[in-house]
Amino acid sequence: MAVSVSIFLVTLLVVRIVYVISQSSKPNRNSSQKHLSTLVVLGSGGHTAEMINLLSVMQKDWYAPRYYIAAATDNMSLQKARVFEDILDDKGADGTQFMQIYRSREVGQSYITSVGTTLLALGHALWLMVKIRPHVILCNGPGTCIPICAIAFIFKVLGIRWSYIFYVESIARVKRLSLSGLLLYKLHMADQLFVQWPQLQKQYPRARYVGRLM
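What comes next is a walk through the structure.

As enumerated under the stated definition, the model contains five aromatic pairs in all. Between Trp-62 and Tyr-63 the ring centres are 5.3 Å apart and the planes differ by 45°, which places this aromatic pair in the tilted class. The interplanar angle of 50° and the centroid separation of 6.1 Å between the aromatic rings of Trp-162 and Tyr-164 together place this pair among those described as tilted. Pairwise contacts between aromatic rings join Trp-162, Tyr-164 and Phe-166 into one cluster. A cation sits over an aromatic face here: Arg-206 above Tyr-185, 3.9 Å from the ring centre.

If you want it as structure tokens, here you go:
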């Protein structure tokens, strides 16, 4: 009896995962809403510059309120986001928040010790997702986005919340996806994955080529 129940539950889970994956490329079911709460994942280096450049051409009054998240050790990215929001002149900016999340793995950290920090990052991502409950998650490469996207995907499977994940690969990635992009692509976690080079789209056919955004 226990074996039969286990098989049934596993089958049900697999069916649900297949359904979630099949729906990932469908139009946003929340498109009729006036505002879509948006979680923006920032990263060090050029990731934040690219993200702010992308946000500058989006309908900011629609994608609001915005919640900016960066790694706990990355204060510069949040400062840039605050400057960006300060110069906006739209009512949609009301409610904008800036948050930090633990990194899964620091540069140079051993893989053994990264197991504990990864679990910590997942727990923190779970807390943030429950708190924010975003309609849209926007990310472009930093590893910080993986725990958040993983929790968002689990929420979809469990029917808790359907957050659309949009991943825009960095313009620096010409021939292959970054590790974050590759994980989201292979595991079918991103609803839409955009690339900025045509040869990259040919190598990853489920990705969408959108031209250069920078």
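The next thing to look at is helix α6 (residues 179-186). Every buried residue of α6 is accounted for by Ser-180, Gly-181, Leu-184 and Tyr-185. Looking straight down α6, one finds that the buried residues subtend no more than 130° of arc, so they occupy a single side. Those residues of α6 that are exposed and aimed more than 90 degrees away from the buried face are Leu-179 and Lys-186. Those residues of α6 hidden inside the fold are in contact with α5 (145-158), β5 (164-168) and β6 (192-195). Positioned one or two residues after α6, His-188 has a phi angle of 55°, which is positive.

Before going further, it helps to examine unusual backbone geometry. In the segment running from Ala-64 into Pro-65, the intervening peptide bond is cis, with an omega of 0°. Inspection of the secondary structure assignment puts Pro-65 in the loop between α2 (47-55) and β2 (66-71). Of note in the backbone geometry, Arg-133 takes a positive phi value of approximately 50° without being a glycine. Relative to the helices and strands, Arg-133 is located in the loop between α4 (111-132) and β4 (136-139). Look at His-188: it is not a glycine, yet its phi comes out positive at around 55°. Position of His-188 relative to the elements: it lies in the loop between α6 and β6. Accessibility expressed as a relative area gives 27% for His-188, which makes it partly exposed.

In terms of burial, β2 is largely enclosed, as six of its six residues are buried. Pairing of strand β1 (residues 38-41) with β2 involves four bridges; the strand directions are parallel. Across the sheet, Val-41 pairs through a bridge with Ile-69, a residue of β2. Read from β1 through α2 to β2, the crossover connection turns out right-handed. When β2 meets strand β3 (residues 97-101), the two strands line up parallel, connected through five bridges. Of the residues in β3, the one forming a bridge with Ala-70 is Gln-100.

Conventions used here
- Residues numbered from 1 in each chain as written.
- Predicted model: local features only at pLDDT ≥ 70, side-chain atom pairs only at ≥ 80, totals over all residues.
- Heavy atoms only, no water.
- Phe/Tyr/Trp six-rings, centres within 6.5 Å; stacked < 30°, edge-to-face > 60°.
- Lys NZ or Arg CZ within 6 Å of the ring centre and 35° of its normal.
- Buried < 20%, exposed > 50% of the residue type's maximum accessible area, 1.4 Å probe, protein only.
- Helix = DSSP H or I, 4+ residues; strand = E, 2+ residues; numbered from the N terminus.
- Arc of directions from axis to C-beta.
- Contact = heavy atoms within 4.5 Å.
- Pairing = 2+ DSSP bridges.
- Right-handed = clockwise from strand over helix to strand, strands pointing away.

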